[in-house]
Amino acid sequence: MVVVREPERAGEGPVDITPKEYAVRTVAQGSESGGAFRVSADTDTLVFSNYSDQRLYKQSLTSSTIDLMVDSSPTPLTPDYGGPIVSYADGVFDARFNHARQSTSDPITTIVAVELDSTDIREPEVLVGGSDFYAFPRLDRKGERLAWIEWSHPNMPWDKAQLLVGYISEIGEVYKRICVAGCDPAIIESPTEPKWSSKGELFFITDRQNGYWNLYKWVESNNEVISVYSWDAEFSRPLWNFGMNSYELIQSREQNILIACSYRQNGRSYLGILDDVQSSFSVLNIPFTDIDNITLGINCLYVEGASEVHPLSVAKVTLDDHKSKAVAFKIIWSSSPDCLKYKSYFSLPKVIRFPTEVPGQTAFAYFYIPSNPDYQATQEEKPPLLLQAHGGPTFESRGILNLSIQYWTSRGWAFVAVNYGGSSGYGREYRERLLRKWGIVDVNDCCSCARYLVDSGKVDGKRLCITGDSAGGYTTLAALAFRDTFKAGASLYGIADLTMLRAETQKFESHYIDNLVGNEKDYFEKSPINFVDRFCCPIILFQGLEDKSVPPVQARTIYHALKDRGLPVALVEYEGEQHGFRKAENFKFTLEQQMVFFARLVGHFKVADDITPIKIDNFD
């Protein structure tokens, strides 16, 4: 993973800033923590966390050093502990004391100050500690006040957290603290993303009133929190990774504070400009329908997003003089820049709302019909269905161009990505449906979705398959063990043993599992590995051999149990892969082998692609 700089001149390509000996990645809060680097616009300096040793490094970004290849090698800022023992993330520059303020972890989490210009590498100075977790250390412009988010077990940051402000002394110590949000026991909220305006006002996002993450502002004079804009829409998302940036503060020509922000509503993202003084909101017209992060440029916004026909991309959105309209939209980086030439093959997702097993309650999904301009099925034949359960499980499926999904729909399969109860993007009440009911609500909703599509005449009820990775793999295995809706399944590093997951999980999620599962009896009864005798259909399993979150023994146990019982089963193990595959050849092999496995055992057709199938035990 590298830091990339936008081309300086038209016709030039992006520039990789990171030397090949380094990888910009932190594991401060798990394997994919985010917030691994920060750039100082004032000094043209990059500070980043290096993956192999987890130390912080400083690197000059001036054009002269890069273009002339003068020595701009990264220099370490933090001590060498002989290995990746201490991790750093989510830092900000402190111009007043020439520090970088960072969150660190292992296993104690603190906010520390790291000296930038000292000739000697020093131990970071602890500024704030005592809670289990910290995020978003953010300084005001003068460097006199520090805002941050903290939370402690058994809560996850989206369950209950606190926003605090600390006052910084002349010698750089936090000498006074005020709790801004999350301290009133009568208010259950999860504040996130604090940000100081140029006028010294503190903005943040929380879900205290309507259960949706909305924008608020702190009135320091009387320690009051006021709503900036209230709406049944999510202006942020669960804090799985550091460095989220859902909004930016802009100075308008009239010197008002304008807020450029993204929000999600009914499965779609929007980008808009909010006038704090007028309490008015204008939506910007851009092609993206799904947005993750935004950041402020000069008279523009940079947006990380996608749509039904655009893969994950970074776009530059140029604003008019009043900062109220988008006058230009340009994609400056795309994860798949040439895919639009295949647009005629794309199946566009349709948001469906289906009834759950709870009377009067509904859940959501993205449904894709088969689409291939070169082939048509007969009117009498309904397509097979592949249902995908997302990971997390406090996560969500997104209705964006995913070429892996198009692989299925272009080959005659219907595909549905389910946002079962517990998914994010629909408010706190929807998110909390899964508390103490993981393995029940998610499984029921997936089965209900499949039945809904069968009853609607959209898919073949005799050819229903299910797939999922990690927590989605757990939902897949639980659905196959405890229900009879699906005819085959694929588990990608799926969780089979909840008790082992709790024992092996890292600090961040150590109580998350308890909140989702329940008591010891629940741990046993909801673990598919304890009920292998209930599996009654073919399963293919994919597993990384270096996976510490879900050890390979879980997939092997299920494989051997099904093999001994005479059920068709296959196991694919990858050397060098962790929890989540990274190698392109393994992505491709996993996708193709799922297709062949399902086609041979459930679809009852021959795959057109030239794929050599792996051996299926009890079938070949």
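Notes on the structure follow. (Residues numbered from 1 in each chain as written. Predicted model: local features only at pLDDT ≥ 70, side-chain atom pairs only at ≥ 80, totals over all residues. Heavy atoms only, no water.)

Comments concerning the overall build of the chain
Turning to step 1, where the next piece is worked out: Counting its secondary structure elements, the chain contains 10 helices and 34 strands.
Turning to step 2, where the next piece is worked out: The globule rule puts the C-alpha radius of gyration for 620 residues at 25 Å, and the 25 Å found for the chain is close to it.
Turning to step 3, where the next piece is worked out: C-alpha atoms of the chain, sized along the principal axes, occupy 75 × 60 × 50 Å.
Turning to step 4, where the next piece is worked out: The buried share of the chain, taken over its 620 residues, is 55%.
Turning to step 5, where the next piece is worked out: Only carbon and sulfur atoms are counted for the fraction: they give 50% of the accessible area of the chain, which is about 26,900 Å².
Turning to step 6, where the next piece is worked out: Taken as two groups, the 62 positive and 80 negative side-chain charges of the chain have centres that lie 4 Å from each other. (Helix = DSSP H or I, 4+ residues; strand = E, 2+ residues; numbered from the N terminus. Rg over C-alpha atoms; globule rule 2.2 N^0.38 Å. Buried < 20%, exposed > 50% of the residue type's maximum accessible area, 1.4 Å probe, protein only. Areas by Shrake-Rupley, 256 points an atom, 1.4 Å probe, with all protein chains shown as cover. Lys, Arg positive; Asp, Glu negative; His and termini not counted. Charge placed at Lys NZ, Arg CZ, Asp CG, Glu CD.)

What about the sheet that holds strand E33 (residues 539-544)?
Turning to step 1, where the next piece is worked out: As summarised here, the arrangement of the 8 strands in space is E27-E28-E30-E29-E31-E32-E33-E34, forming an open sheet in which the pairing is mixed. The open sheet terminates on both sides in strands that have one partner only, identified here as strand E27 (350-355) and strand E34 (569-574). In this sheet, adjacent strand axes meet at a mean angle of 20° when their direction is disregarded.
Turning to step 2, where the next piece is worked out: Here strand E29 (residues 385-389) pairs with strand E30 (residues 414-419) via 5 bridges, running parallel. Bridge pairing links Leu386 to Phe415 in E30. (Pairing = 2+ DSSP bridges. Axes fitted to C-alpha atoms, helices over the stretch in contact; angles between N-to-C directions.)

Observations concerning the state of the cysteines
Note on terminology: disulfide describes a covalent bond linking the sulfur atoms of two cysteines.
Turning to step 1, where the next piece is worked out: Applying the stated criterion to the full structure yields 1 disulfide.
Turning to step 2, where the next piece is worked out: Here Cys179 pairs with Cys183 through a disulfide, and the sulfurs are 1.3 Å apart. Where Cys179 bonds to Cys183 through sulfur, the torsion about that S-S bond is close to 95°, and the disulfide is right-handed.
Turning to step 3, where the next piece is worked out: Using a relative accessible area of 37% as the deciding quantity, one classes Cys183 as partly exposed.
Turning to step 4, where the next piece is worked out: Distance from the sulfur of Cys261, which forms no disulfide, to the nearest cysteine sulfur (Cys300) is 17 Å.
Turning to step 5, where the next piece is worked out: With relative accessibility at 1%, the residue Cys261 sits in the buried group. (Disulfide = S-S within 2.5 Å.)

Here's the deal with the layout of surface pockets
Turning to step 1, where the next piece is worked out: Its volume calculated, the second largest pocket comes out at about 750 Å³.
Turning to step 2, where the next piece is worked out: Taken together, 25 residues form the lining of the second largest pocket, with Tyr375, Ala377, Arg411, Gly412 and Trp413 sitting closest to its centre.
Turning to step 3, where the next piece is worked out: Here the lining of the second largest pocket is built from residues that sort into 12 nonpolar, 6 polar and 7 charged. (1 Å grid on protein atoms, 1.4 Å probe; cavity = no way out; pocket = protein on both sides within 12 Å on 5 of 7 lines; lining within 4 Å. Points joined across faces, edges and corners; volume = space filled by probe spheres on them. Nonpolar A, V, L, I, M, F, W, Y, C, P; charged D, E, K, R; others polar.)

Side note on the pattern of salt bridges
Turning to step 1, where the next piece is worked out: The final tally for this structure, using the stated rule, is 27 salt bridges.
Turning to step 2, where the next piece is worked out: Between Lys195 and Glu248 there is a salt bridge; the shortest N-O distance is 3.9 Å. On the criterion of sequence distance, the pair formed by Lys195 in strand E15 (residues 192-196) and Glu248 in strand E19 (residues 247-251) is long-range, its members being 53 residues apart. Considered together, Lys195 and Glu248 belong to a single accessibility category, that of buried residues.
Turning to step 3, where the next piece is worked out: Salt-bridge contacts for Asp620 lead to Arg600; the nearest nitrogen and oxygen are separated by 2.4 Å. Within this pair, whereas Asp620 is found in the segment after helix H10 (584-603), its partner Arg600 is found in helix H10, the two being separated by 20 residues in sequence.
Turning to step 4, where the next piece is worked out: Assessed through its relative accessible area of 48%, Asp620 is described here as partly exposed.
Turning to step 5, where the next piece is worked out: Classification of Arg600 by relative accessible area gives partly exposed; the value is 28%.
Turning to step 6, where the next piece is worked out: Each of Asp207, Glu234, Arg428, Arg431 and Glu432 takes part in salt bridges that share partners, so that together they form one network. (Salt bridge = Lys/Arg side-chain N within 4 Å of Asp/Glu carboxyl O.)

Remarks on the sheet that holds strand E18 (residues 224-229)
Turning to step 1, where the next piece is worked out: With antiparallel pairing, 4 strands are arranged side by side in an open sheet as E15-E16-E17-E18. One side of each edge strand has no neighbouring strand; the edge strands of this open sheet are E15 and E18. Going across the sheet, the axis of each strand differs from the next one's by a mean of 30°, ignoring polarity.
Turning to step 2, where the next piece is worked out: Sheet topology places E15 next to strand E16 (residues 202-206); 3 bridges connect them, and they run antiparallel. Residue Thr192 lies in a different strand from E16, and its bridge partner there is Ile205.

Some words on the nonpolar core
Turning to step 1, where the next piece is worked out: In terms of nonpolar packing, the biggest core is built from 101 residues, with Ile259, Val416, Trp438 and Phe535 touching the most fellow members.
Turning to step 2, where the next piece is worked out: Setting aside its immediate chain neighbours within four residues, Trp438 contacts Pro393, Ala471, Tyr474, Thr475, Ile495, Leu498, Leu501, Leu516, Val517 and Lys526.
Turning to step 3, where the next piece is worked out: Within the second largest apolar cluster, 31 residues are counted, among which are Tyr366, Tyr368, Met595 and Val596. (Core = buried A, V, L, I, M, F, W, Y, C linked by side-chain atoms within 4.5 Å. Contact = heavy atoms within 4.5 Å.)

Here's the deal with the packing of helix H4 (residues 441-455) against helix H5 (residues 471-482)
Turning to step 1, where the next piece is worked out: Packing of H4 against H5 leaves a shortest axis separation of 9 Å and a crossing angle of 70°. With respect to each other, H4 and H5 are oriented roughly perpendicular. Contact with H4, carried on its side by Asp442, Val443 and Cys446, involves Tyr474, Thr475, Ala478 and Ala479 of H5 and no other residues of that element. (Parallel < 35°, antiparallel > 145°, perpendicular 65-115°, else oblique.)

Comments concerning helix H9 (residues 552-565)
Turning to step 1, where the next piece is worked out: Taking 1.5 Å per residue, 14 residues should reach 20 Å; H9 reaches 20 Å between its end C-alpha atoms and fits that length.
Turning to step 2, where the next piece is worked out: Close packing links the buried residues of H9 with H5, helix H6 (498-504), E33 and E34.
Turning to step 3, where the next piece is worked out: Residue Gly566 follows H9 closely and has a positive phi angle near 85°. (Expected span 1.5 Å × (residues − 1).)

So, the packing of aromatic side chains
Turning to step 1, where the next piece is worked out: Scanning all chains against the criterion turns up 37 aromatic pairs.
Turning to step 2, where the next piece is worked out: Between Trp231 and Phe281, the aromatic rings sit 6.0 Å apart at their centres with planes inclined by 70°, giving edge-to-face as the arrangement. Highlighted residues: Trp231 in the loop between E18 and E19 and Phe281 in strand E22 (residues 280-283), separated in sequence by 50 residues.
Turning to step 3, where the next piece is worked out: For Trp231, a relative accessible area of 28% gives the class partly exposed. (Phe/Tyr/Trp six-rings, centres within 6.5 Å; stacked < 30°, edge-to-face > 60°.)

A short note on the side chain of Ser262
Turning to step 1, where the next piece is worked out: Mapped onto the fold, Ser262 is located in strand E20 (residues 257-265).
Turning to step 2, where the next piece is worked out: What makes Ser262 buried here is its relative accessible area of 6%.
Turning to step 3, where the next piece is worked out: With residues near it in sequence (within four places) discarded, Ser262 still touches Glu234, Phe235, Ser246, Tyr270, Leu271, Ile291 and Ile294.

So, H4
Turning to step 1, where the next piece is worked out: In this model H4 runs 20 Å from its N-terminal to its C-terminal C-alpha over 15 residues, within 8% of the 21 Å that 1.5 Å per residue would give.
Turning to step 2, where the next piece is worked out: Here H4 lies mainly inside the structure; 11 of its 15 residues are buried.
Turning to step 3, where the next piece is worked out: Buried within H4 are the following residues: Val441, Asp442, Val443, Asn444, Asp445, Cys446, Cys447, Ser448, Cys449, Ala450 and Leu453.
Turning to step 4, where the next piece is worked out: Gly457 occupies a position one or two residues after H4 and carries a positive phi of about 80°.

Focus on the side chain of Arg138
Turning to step 1, where the next piece is worked out: Following the sequence through the fold, Arg138 ends up in strand E11 (residues 133-139).
Turning to step 2, where the next piece is worked out: For Arg138, the side chain forms a polar contact with the side chain of Asp90, separated by 2.9 Å.
Turning to step 3, where the next piece is worked out: Excluding anything up to four places from it in sequence, Arg138 contacts Arg38, Asp90, Val92, Arg145, Leu146, Ala147, Pro194 and Trp196. (Polar contact = N/O pair within 3.5 Å; in protein donor to acceptor, adjacent residues only side chain to side chain.)

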